[in-house]
Amino acid sequence: MKMPWMKLICLAFLFLSLRNQICYGAPDDYDDYDEEEEPKEKNPPGQDKCNGIFLTYTFTERNKELPHVKNVTAQAWSFKSKATLVNTGLEELKGWKMFIRFQHREVLVSATNAILVDGAGDFPAKVEKGATLSGYPNTDLKTSVDTAGDLTKMSTEIEFTGTMFGLNEKAIPLPKSIRLANDGWKCPTLTTYRTFLTTCCHKDPKYKSLNQSAKGKYTPRQYGDVNLMYDVLKSYEGSYEAQVTIDNDGTLSRLDNWNLTWEWMRGEFIHSMRGAYTRRIEYSDCIFGLPGQYLKGFDFSQVMNCEKRPVISDLPLEKANDTEIGHIPNCCKNGSLVSPLMDENNARAVFQLRVYKLPPDTPKTVLYPPQRWNITSLVSAHYHCSAPVRVDPSAFPEATGTGAKTYAVSSWQVVCNMTKPEKKRAKCCVSFTAYYSNGAVPCSTCACGCDDSQTDKCNPSSRAMLLPPDALLLPAVNRTAKIKAYAKLKKKPAPRAMPCPDNCVVSINWHVSSDHKAGWTARMTLFNWGETQFKDWYAAVELKKAASGYDDVYSFNGTKLVSPKNTIFFQGLKGLEYLIEIKNGSSDSKPKVPGKQQSVISFTKKKPEAINIRKGDGFPSKVFFNGAECALPDSLPSAATLLSSMPLLFFSAIAFLLITYPFHS
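Residues numbered from 1 in each chain as written. Predicted model: local features only at pLDDT ≥ 70, side-chain atom pairs only at ≥ 80, totals over all residues. Heavy atoms only, no water.

As annotated in an unreviewed UniProt entry, the protein chain carries the name COBRA C-terminal domain-containing protein and comes from Gossypium davidsonii. Turning to the protein chain, the UniProt record has this under Sequence similarities (unreviewed entry): "Belongs to the COBRA family." Quoted straight from UniProt, the Subcellular location (unreviewed entry) entry for the protein chain says "Cell membrane". (UniProt positions renumbered as here; feature names shortened; annotations may be inferred.)

Asker: Mind laying out the overall build of the protein chain, listing which residues take part and the relevant values?
Answerer: Scanning the protein chain for helices and strands turns up 9 helices and 37 strands. Residues counted as buried form 44% of the 665 residues belonging to the protein chain. The contacts of the protein chain with a sequence gap of at least 6 include a subset with a gap of at least 24, amounting to 69%. By element, 53% of the accessible surface of the protein chain is carried by carbon and sulfur atoms, the whole surface being about 35,900 Å². (Helix = DSSP H or I, 4+ residues; strand = E, 2+ residues; numbered from the N terminus. Buried < 20%, exposed > 50% of the residue type's maximum accessible area, 1.4 Å probe, protein only. Contact = heavy atoms within 4.5 Å. Areas by Shrake-Rupley, 256 points an atom, 1.4 Å probe, with all protein chains shown as cover.)

Asker: Tell me about the nonpolar core, and please be specific about residues and values.
Answerer: Judged by nonpolar contacts, the single largest core of 37 residues is most densely connected at Trp510, Met524 and Phe625. Of all the elements in the fold, those that place two or more residues in this core are β26 (428-434), β27 (506-515), β28 (519-528), β30 (538-542), β31 (550-553), β33 (567-572), β35 (595-604) and β36 (622-625). (Core = buried A, V, L, I, M, F, W, Y, C linked by side-chain atoms within 4.5 Å.)

Asker: So, the sheet that holds β28: which residues are in play, and what are the values?
Answerer: With mixed pairing, 5 strands are arranged side by side in an open sheet as β26-β27-β28-β35-β31. What marks the edges here is a single partner per strand, and that holds for β26 and β31. Here the average twist between neighbouring strands, direction ignored, is 20°. Two strands pair when backbone bridges link them, and β28 and β35 are joined in this way by 10 bridges, in the antiparallel orientation. Along β35, the bridge assignment pairs Arg523 with Val600. (Pairing = 2+ DSSP bridges. Axes fitted to C-alpha atoms, helices over the stretch in contact; angles between N-to-C directions.)

Asker: Report on a nonpolar patch on the surface, specifying residues and quantitative values.
Answerer: Nonpolar side chains collect at one region of the surface, where Tyr283, Ile287 and Phe288 lie side by side and expose about 340 Å² of accessible area between them. Tracing the backbone shows Ile287 in helix α4 (residues 284-287). Overall, Ile287 belongs to the partly exposed group, its relative accessible area being 41%. (Patch = residues over 30% accessible without salt bridge, like charges linked within 9 Å, V, L, I, M, F, W, Y side chains within 5 Å. Salt bridge = Lys/Arg side-chain N within 4 Å of Asp/Glu carboxyl O.)

Asker: Just give me the short version of the state of the cysteines, but keep the residues and values in it.
Answerer: With the rule as written, the count across this model stands at 9 disulfides. Between the sulfur atoms of Cys428 and its disulfide partner Cys630 the distance amounts to 2.0 Å. The chirality of the disulfide connecting Cys428 with Cys630 is left-handed, given an S-S dihedral of about -95°. Linking Cys428 in strand β26 with Cys630 in the loop between β37 (628-629) and α9 (645-660), this pair joins segments that are 202 residues apart in sequence. Take Cys428 and Cys630: they sit in the same class, and that class is buried. (Disulfide = S-S within 2.5 Å.)

Asker: How would you summarise the sheet that holds β33 if you had to cite specific residues and measurements?
Answerer: Reading across from one edge, β32-β33-β30-β36-β37 is the order of the 5 strands in this open sheet, with antiparallel pairing throughout. Strands at the two margins of the open sheet, each flanked by one partner only, are β32 (556-560) and β37. Across 5 bridges, the pairing between β32 and β33 is antiparallel. Paired with Gly558 across the strands is Phe570, a residue of β33.

Asker: Break down helix α7 (residues 480-489) for me, citing the residues and quoting the values.
Answerer: Where α7 is concerned, the buried positions are Ile483, Tyr486 and Ala487. Angularly, the buried residues of α7 cover 100° about the axis, an arc narrow enough to put them on a single face. Across α7 from its buried face, at more than 90 degrees, point the exposed residues Ala481 and Lys488. Two residues or fewer past α7, Lys491 is found with a positive phi of approximately 60°. (Arc of directions from axis to C-beta.)

Asker: An account of unusual backbone geometry is requested, with residue identities and associated values reported.
Answerer: Backbone torsion omega between Leu66 and Pro67 reads -5°, so that peptide bond is classified as cis. With respect to the helices and strands, Pro67 occurs in the loop between β1 (53-64) and β2 (76-87). Here the residue pair Tyr136 and Pro137 is connected by a cis peptide bond, since its omega of 5° sits within 30 degrees of zero. Of note, Pro137 is situated in the loop between β7 (131-135) and α2 (144-147). If you check the backbone angles, Leu167 has positive phi at about 70° while not being a glycine. With relative accessibility at 28%, the residue Leu167 sits in the partly exposed group. Even without being a glycine, Asn257 presents a positive backbone phi close to 50°. Turning to its location among the elements, Asn257 is positioned in the loop between β14 (239-248) and β15 (259-263).

Asker: Provide a residue-level description of the pairing of β15, including the pertinent values.
Answerer: With 4 of its 5 residues buried, β15 lies for the most part within the structure. Alignment of β15 against strand β18 (residues 311-314), held across 3 bridges, turns out to be antiparallel. Across the sheet, Thr261 pairs through a bridge with Val311, a residue of β18. In this sheet, strand β20 (residues 371-376) lies alongside β15 in antiparallel orientation, the contact comprising 4 bridges. Residue Leu260 lies in a different strand from β20, and its bridge partner there is Ile375.

See below:
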């Protein structure tokens, strides 16, 4: 009898099912089955072929934040991302720095294993123009060879949390680029994927640093405009003694009434100090903070400062020989560090401090320097300071005079360089005048900033108006009538809300006095509108084409510098080192009179056809006062068109007399 096909199929299926259960176990037995482990996650594309430092930036997630708005560009999103640095080469990278060029108006709220070092300050920090980060507490990336492939020592992972703006929900907010910010390293190729970026950085074989010291155990020393050393001189259980050295090494750098700040990252506090002082003497942060919890029975009433970000200032001259708070070489200079070009003996400041530490850092071998250093002064450049970099211990002469040297326990270096001031954040300004023009071109509105109360009465966004030259002698509050009269003379309307003044403490007028075939002359006048006089002032002027023809200056000392190129350095003659403060007028109805210094400067024309004074060659491309780069006008003087030549000459002569008299009042 033939079995139907359907029964054959059912029997076959039953047989196979039983066979599977006997051989491989029932489904309930799968928990006992020793499966093969999942394959490990692969490295990012390109990492295995990189012989250097491999960088990645990976976007993780983002969420829409309140308030929810219809304008896509104004919508805020919280985001999370991750950056990694892996040393895949054969050379250790000491003191790594990574630059990320953000592009979506990002605000960083936190970052693990790294700190911001480009002046952005503490979190949250606006990084829409990019951010430079350095490692903390681990600053170096060792090699695979030296660590037997230990990723914890040869790599760093940074987890970011922040806010960004714009882009629709499906777009991936990646930065524009990533790279190493260490000198001598190049990151030539950037590879972009949907959710991450990668690049392989390698040492530039052509790079040769002129600023590095001899090779040692730690990072070679670098040198900038202002260099700071943090030397641990003695280390104890729970505390140490350190010395801070500030060297003003920049040709144009200058510090007046300097203030130094840093941030304690591990609960440290300053017990005492010699050669300097903190602006606040307080210990409440210790009592109510971690020190009060760990240091039971400690007498905090003797502590100088417990702030996380102390502000440190120099002591006055009369404290130099004080055996309790002074009596340290190179201390106590009223906060003034001049350019070494002027006086090498007054370009260094030194102070010492006793620092207390908290667990788990109490062992004498555990030492961490403070981070986020910054230095400011009264009228000087803005400085960008690096993170502290471990260098070979500093050497000091032995006290007995035998010629032997003592060495610091540990040393770190911080390098600060002058930066170009941001718009409306300058500290001095320049105006241009010329013999062939009847108007003065002022520097820009709010060049040194405007406060809110002031902008209620003036327009901070309006372009500065031309001035009659004699208005340069008046304080800003007394110029309005002259500016309006001059605008009427030029047949130009005066706005209802006049442009705000520049608000600069120091202003400089550069006047082209003459121009002929063999040479030309200029007159420079410095005005002090502030309440503080400037001792040992100096100014520097960059003339890109005409500096080579510098001949003489008649009421200043002048020097043509080798570096920076095309720059002339001026300072007061002996007896005229002070740019005095503003003084009251001769009567209540007379405006205040600024402190002034002035001199004529002569130039020759080695190649007359190559110099065109009227087209700008006779006007500076950069001007510095006491190290601060000044704001320049956005245009040059133009030849007069409404006045005839004779009135113009008379007008210029009157302006010259007004500026030069009284000469040093």
